[in-house]
Amino acid sequence: MIQKKICMLGGFAVGKTSLVKRLISGMFSEKYLTTVGVKIDQKSLSVCGQDLLLVLWDLYGDDDFQKVRASYLQGASGYILVIDGTRKETVEVAGKLHELARKTIGPVPFVLLLNKHDLVNEWVVESPMVSDLSDQACLVSMVSAKTGEGVEAAFSALSEAMLKS
Amino acid sequence: MSGSLPDPSFLSVFDALIFQKTAERFDHLGDLPSWFPPPGLRQEIDLPPGQLVDRSFFLQHFLHEAEEWWESGKRGQCKSGLWSEPALFGEDVVLEATAVRHRSLRYVILQRFGPDFLPIQPLLQKAREEQLSHRQAVNQHERIEAQLGSRLAKSEQERDDVMAVLDGLGLGTIMLNANRDVTFISGKARELLQTDPARMIGRTLVEGSPWKPADSVRVEEMGRLPGSQRQVVPVVMDRKNRSATALEVEVQDDPRDPRKTILLLKDVSEMEALRRQLVGPTQFHNLVGKCPAMRAVYERIGDIAVVDVPVLIDGETGTGKELVARALHQLSPRHEHPFLPVNCAGLTDSLLGSQLFGHKRGAFTGATSDHEGFFESAEGGTLLLDEIGDMPLSIQTTLLRVLQEGEIIRLGESRPRKVNVRVLAATNQPLQELVDKGVFRADLLYRIRVARLRLPPLRERREDIPLLSTAFFEKSRVAFGKMQVLGMAPETMQRFLRYSWPGNVRELQAALEYALIHCRSEIILPTDLPPELCDVFPAVQSSPFLKSNERQRILDALAQTKGKRAQAAKLVGMSRSTFYRRLTELNISQEESSR
Ligand SMILES: Nc1nc2c(ncn2[C@@H]2O[C@H](COP(=O)(O)OP(=O)(O)O)[C@@H](O)[C@H]2O)c(=O)[nH]1
């Protein structure tokens, strides 16, 4: 079976852990438990008739307290950039992490996810703010770890892109 | 084993899994930790612990890093950083791998932390939660701000829409706050008021509006009444060089806050003009008045103006006889020719004769040149013979002949000259009585009163007093440059309405001018009025008090004008001839009058 390493990148509390949890177990928890260190999960998928094992590296959020170690990105075939649609500042963090990924592993496929789309009333991130990232992503999608909206599709799209590249 | 290393069993105190890297294998040293095998390996009991490295995605990754570090010859240790891998080690288990070197030997130490052994977790958790909640608060503020902003924009939009509708309906809007200060003026209201809104905002209507204070007060008072008792307040704004604007002001409570008031202004100027046409004129060729008697006069003037016959205009002094004569002339086919008024009172025979008919040089003493009389000067036009009752008999005779023959002879000449002049006569004396006394020729009377017009005295048309006062007030206010005076106090008007006005309209005009000159406030008070009006009771013209009062008034006027009679006459509101007659009647001597 083909194995692919995928990194989850984004500021803290944007929902990386929740997205992975939703993908793997179909569950969601409102309780915020910050991720300490790297968390590794795996998920087997079948994409375009190919069985695939995704090894998901959930890299703790990048902030003043913890910096993502570039070495963790090594060997990734793709990554998922997560932005919290209700927090503008997470756009900037995503931008920085994207640059770090480019520098470390080169132009591998990535998807850009605007998470927490269930919170439409609190939504503040407009598409022009993320246009730079959108242009390069193989998929830009509004998703919700809470409702599951768009989650599986996002992982499938990235897997497909990784298989093709 | 080297003696310098402690017994590997000592390492068990760390509860760690320790591997020694040899060639391609990982051999574990010492005792296995309590947590081995981890949940992911429990099915495979015989698996050598070294296989754990192959099963962990993270360890494989880390060993690349460790390899580089071992090769680099750096001292110390190489740490993997914390990680978890639930599928292999179980939920809530965090591990850390450390690569060390001792001489040429390479070791990997694998430590496991349960939730209780990770002091960094709660700290990090707290810090991030705080940051999140702060961010949430900021977001909420921003959201509320944005919401308020858009709500404000929306309500402004709605207000603009309402205003546009009101403007479209021709309704001006003014809003007053609880203190009755103006807080808002719509575009249409600005247009109707023709005023700078900055002058009005923050002030009351009395202070800021271009309305007469009395009107502003009425509008404000209407707002204090309960809604059911309110009525529309008519407000007329007279403007310099422009026709007056008639407004109807409706006073309403602000439905959102009944302490506030909304005024709706409707321009009814057109309606007002129509109404005036329906009700009839309040003004006619400078004659002011709308009472039935005056309307009859206007109508009669219209009728007889076009008939080319003499007219006798009969009315007390100051009733406006000359204005009637002018109107008759204006409305007649003669209006493009001269109109000449001649006062027949107070002139000697020869002087009046020469004035009317002209004279030849040397005709009498002082006739130093040929002189054309009024009859010739007025050729084609109209001649008004005022105070005709005072005309000397000899002149009456000549006049009668002129009227019959249509020709005059200048004094000192014998040649008749054709004249084409319409004669109007005015009198304040009952001519029939003069005929009876033998001082007026009956045939002349019949001749000049082919058509007759009687002007009512002011006391018989008191209803016109407010109209007349307003007209004179506005005129004099401008003429005297007393624009700061804005109106008349109601008590002033009361006096006017009660006074007997022996001098009629002319006296009223003079009284107003007097009051305006004396007025020091914004409103004409009764104390500003001439003395005879200060103490008004329903007076009778012939009351001795009034007479004496009038005597004093005439003396005052003469004193004020330094003996100039014409000016004094004006001041007391009498025609010159009446004034002269009063001087005689009141026994005011030459000496007294020039004091
Ligand atoms: N409403 C909502 N909350 C979410 C969603 N995704 C994550 N969260 C919440 O956001 C917080 C942070 O999520 P987490 O997955 O721990 O973020 P991470 O730090 O990026 O891994 C948690 O309280 C989650 O319950 C979502 O799609 N909708």
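Refer to the structure presented above.
This structure is a prediction, so every number in the text was calculated from the model and none was measured.

Which parts of the structure should I look at to understand the overall build of chain B?
A tally of helices and strands in chain B yields 24 helices and 24 strands. Across chain B, contacts joining residues at least 24 apart in sequence account for 58% of those joining residues at least 6 apart. Surface summary for chain B: the accessible area is close to 31,500 Å², and the carbon and sulfur share equals 52%.

Got a minute to help me understand the pattern of salt bridges in this structure?
Close approach of charged atoms allows side chains with opposite charge to pair. Taken as a whole, this structure holds 36 salt bridges over all chains when the rule is applied. We note a salt bridge from B:Glu191 to B:Lys188, for which the minimum N-O separation is 3.1 Å. Residue B:Glu191 and its partner B:Lys188 are both found in helix H5 (residues 187–193); the two are separated by 3 residues, about one turn of the helix. The exposure class assigned to B:Glu191 is partly exposed, which follows from its relative accessible area of 46%. A relative accessible area of 18% places B:Lys188 in the buried class. Through salt bridges that share partners, A:Asp84, A:Arg87, A:Lys88, A:Glu89, A:Lys116, B:Arg135 and B:Glu142 make up one connected network.

Sorry if this is basic, but what is going on with the pairing of strand E7 (residues 171–176) of chain B here?
Residues in a regular strand point their side chains to alternate faces of the sheet. Residues and elements named next belong to chain B. With 6 of its 6 residues buried, E7 lies for the most part within the structure. Side-chain alternation along E7 places Leu171, Thr173 and Met175 on one buried face and Gly172, Ile174 and Leu176 on a second face that is also buried. In this sheet, strand E11 (residues 257–267) lies alongside E7 in antiparallel orientation, the contact comprising 6 bridges. By the bridge assignment, leucine 171 is partnered in E11 with lysine 266.

Is there a simple way to think about the sheet that holds strand E21 (residues 422–427) of chain B in this case?
Through backbone hydrogen bonds, the strands of a sheet pair up, either in parallel or in antiparallel fashion. Residues and elements named next belong to chain B. Taking strand neighbours across the sheet as the criterion, the 5 strands line up as E15-E18-E21-E14-E22 in an open arrangement whose pairing is parallel. Every interior strand has two partners, whereas the edge strands, strand E15 (339–343) and strand E22 (451–455), have only one. Across this sheet, the average inter-strand angle for adjacent strands is 20°, counted without regard to direction. Strand direction decides the pairing type here: strand E14 (residues 311–315) and E21, joined by 4 bridges, are parallel. Residue pairing across strands places aspartate 314 opposite threonine 427, the latter belonging to E21. Against the sheet, helix H12 (residues 349–357) engages E15 and strand E18 (382–386), with an angle of about 175° to E15.

The rules behind these values
Residues numbered from 1 in each chain as written. Chains lettered and ligands numbered in written order. Predicted model: local features only at pLDDT ≥ 70, side-chain atom pairs only at ≥ 80, totals over all residues. Heavy atoms only, no water. Helix = DSSP H or I, 4+ residues; strand = E, 2+ residues; numbered from the N terminus. Contact = heavy atoms within 4.5 Å. Areas by Shrake-Rupley, 256 points an atom, 1.4 Å probe, with all protein chains shown as cover. Salt bridge = Lys/Arg side-chain N within 4 Å of Asp/Glu carboxyl O. Buried < 20%, exposed > 50% of the residue type's maximum accessible area, 1.4 Å probe, protein only. Pairing = 2+ DSSP bridges. Axes fitted to C-alpha atoms, helices over the stretch in contact; angles between N-to-C directions.

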